[in-house]
Amino acid sequence: QVQLVESGGGLVQAGGSLRLSCAASGRTFSGYHMGWFRQAPGKEREFVAAIRWSDGSTRYADSVKGRFTISRDSAKNMVYLQLNSLKFEDTAVYYCAAKGTPIIFTDSRRMNYWGKGTLVTVSS
């Protein structure tokens, strides 16, 4: 059974940085892609970034492009999301997700596995 555990959220001032981590376990992920999604209060869950486990190919939402960076450490089964130049509107619960295909999906309904999320709060 795939398990995903996020960490690294917290309170940060606008313009600051955070690094989120996602510990993945339960199987080998070579044929998977991993994604980060976020959900702000009263809003739907939205795609943030994704990475193909096999070759490290990435994809980003336009709203975070140039500010956030997704990466993975295959040896440790870890996925990271570096958040820089944070804005108030980045405030949300951030979720790590996985799907057993290298094709990257940005629709949260297509993801198979989810962590419980970590809260990022950006103060203005």
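Our subject is the structure listed above.
Residues numbered from 1 in each chain as written. Predicted model: local features only at pLDDT ≥ 70, side-chain atom pairs only at ≥ 80, totals over all residues. Heavy atoms only, no water.

Asks: Lay out the state of the cysteines with the relevant residues and their values.
Replies: Taken as a whole and assessed by the stated rule, the structure comprises one disulfide. Linked covalently through their sulfurs, C22 and C96 form a disulfide whose S-S length is 2.1 Å. On the S-S bond that ties C22 to C96, the torsion sits near -75 degrees, and the link is left-handed. Placement of the pair is C22 in strand β3 (residues 18–25) and C96 in strand β9 (residues 92–99), with a sequence separation of 74 residues. (Disulfide = S-S within 2.5 Å. Helix = DSSP H or I, 4+ residues; strand = E, 2+ residues; numbered from the N terminus.)

Asks: Explain the nonpolar core to me, using residue names and the numbers behind them.
Replies: Generally speaking, nonpolar side chains in soluble globular proteins are found buried as a group. Counting residues in hydrophobic clusters, the biggest one holds 37 residues, and the most contacted among them are M34, W36, L81 and Y94. Contacts of Y94, omitting those with residues within four sequence positions, involve E6, L20, W36, F37, R38, V48, F68, L81, L83, G117, T118 and V120. (Core = buried A, V, L, I, M, F, W, Y, C linked by side-chain atoms within 4.5 Å. Buried < 20%, exposed > 50% of the residue type's maximum accessible area, 1.4 Å probe, protein only. Contact = heavy atoms within 4.5 Å.)

Asks: Give a detailed account of the pattern of salt bridges, specifying residues and quantitative values.
Replies: Summed over all chains, the structure comprises six salt bridges. The partner of R52 in a salt bridge is D55, with the nearest N and O atoms 3.5 Å apart. According to the relative accessible area criterion, R52 is partly exposed, its value standing at 23%. With a relative accessible area of 46%, D55 lands in the partly exposed category. Close ionic contact of R109 with D107 constitutes a salt bridge, the shortest N to O distance being 2.8 Å. The exposure class of R109 is exposed, given its relative accessible area of 72%. The class for D107 is partly exposed, based on a relative accessible area of 26%. Salt bridges linked by common partners bring R38, E46, R67 and D90 together as one network. (Salt bridge = Lys/Arg side-chain N within 4 Å of Asp/Glu carboxyl O.)

Asks: A description of the sheet that holds strand β8 (residues 78–83) should follow, citing residues and the corresponding values.
Replies: Here we have four strands laid out as an open sheet, ordered β1-β3-β8-β7, and antiparallel in their pairing. Either end of the sheet is taken by a strand with one partner, and the two such strands are β1 (3–7) and β7 (68–73). Ignoring strand direction, the axes of neighbouring strands in this sheet form an average angle of 15 degrees. By the bridge criterion, six bridges tie β3 to β8 in an arrangement that is antiparallel. (Pairing = 2+ DSSP bridges. Axes fitted to C-alpha atoms, helices over the stretch in contact; angles between N-to-C directions.)

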